[in-house]
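Single-letter residue listing:
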Amino acid sequence: MDALSELVRSSLVIIALLGLPVLIAATSVGTLVAVVQAATQIQEQTLTVLPKIVVVGLILVLFGNFGIHLCGNLFDEAIRTIPRLVSS
């Protein structure tokens, strides 16, 4: 059962490493756009979505290769862990 808990822990760490930068960037851009909208009193809904899409897409393009390597390493670790999971 120790192998399973280690695999779950590794998975959660990778999920955090992949998800948090995107969430932080989208939240920051959303807050910045909201402040600009409040200051200019422009309440157009498309102005809030478009910058978030652009920033999230840019982050995925810049860090996608890193994420793919992390997921590949996790997959390799999961495959190597299978004999320990079956034997216990």
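Remember, it's a predicted structure, so these values are computed and weren't measured experimentally.

A. Layout of the pattern of salt bridges. Overall, the coordinates contain one salt bridge when judged by the stated rule. Residues Arg9 and Glu6 are paired through a salt bridge, measuring 3.0 Å at the closest nitrogen-oxygen approach. In this pair, Arg9 and Glu6 are both assigned in helix H1 (residues 2-40), three residues apart and thus about one turn of the helix distant. Residue class for Arg9 comes out partly exposed when judged on its relative accessible area of 46%.

B. Region of interest: the environment of Pro21. For Pro21, the position within the fold is in helix H1. In this structure the C-alpha to C-alpha distance between Pro21 and Val56, which are 35 residues apart in sequence, comes to 9.2 Å. Non-local contacts of Pro21, meaning those with residues more than four positions away in its chain, are made with Ala16 and Ile59.

C. View of helix H2 (residues 46-87). Of all the bends in H2, the greatest, near 60°, is centred on Phe63. Residues of H2 that are buried: Ile59, Gly67, Leu70, Leu74 and Thr81. Lining the buried residues of H2 we find H1.

D. Looking closely at a nonpolar patch on the surface. The grouping of Leu4, Val8, Leu12, Ile15, Phe75, Ile79, Ile82, Leu85 and Val86 at the surface amounts to a nonpolar patch, some 830 Å² of accessible area in total. Listed by contribution, the elements that provide at least two residues to the nonpolar patch are H1 and H2. A total of five residues in the nonpolar patch trace back to one element, the largest contributor, which is H2. Positionally, Val86 belongs in helix H2.

E. Seen up close, H1. Its 39 residues place the ends of H1 56 Å apart at the C-alpha level, agreeing with the 57 Å of an ideal helix rising 1.5 Å per residue. By the largest-angle criterion, Gly19 marks the main kink of H1, which is about 30°, and a proline, Pro21, follows within four residues. Among the residues of H1, those classed as buried are Ala3, Leu7, Ser10, Ile14, Val22, Ala25, Ala26, Val29, Gly30, Val33 and Gln37. Buried positions along H1 lie against H2. A positive phi of about 60° marks Gln41, the residue just after H1.

F. Seen up close, the environment of Ser11. Mapped onto the elements of the fold, Ser11 is located in helix H1. Relative accessible area serves as the criterion here: at 23%, Ser11 is assigned to the partly exposed category. Sequence spacing of Ser11 and Ser28 is 17 residues, and the spatial spacing of their C-alpha atoms is 26 Å.

G. Region of the structure containing the environment of Pro83. Along the chain, Pro83 turns up in helix H2. Residues Pro83 and Val61 lie 22 residues apart in sequence; the distance between their C-alpha atoms is 36 Å.

Reading the values: the criteria
Residues numbered from 1 in each chain as written. Predicted model: local features only at pLDDT ≥ 70, side-chain atom pairs only at ≥ 80, totals over all residues. Heavy atoms only, no water. Salt bridge = Lys/Arg side-chain N within 4 Å of Asp/Glu carboxyl O. Helix = DSSP H or I, 4+ residues; strand = E, 2+ residues; numbered from the N terminus. Buried < 20%, exposed > 50% of the residue type's maximum accessible area, 1.4 Å probe, protein only. Contact = heavy atoms within 4.5 Å. Bend = angle between axes of the 7 residues up to and from the residue. Patch = residues over 30% accessible without salt bridge, like charges linked within 9 Å, V, L, I, M, F, W, Y side chains within 5 Å. Areas by Shrake-Rupley, 256 points an atom, 1.4 Å probe, with all protein chains shown as cover. Expected span 1.5 Å × (residues − 1).

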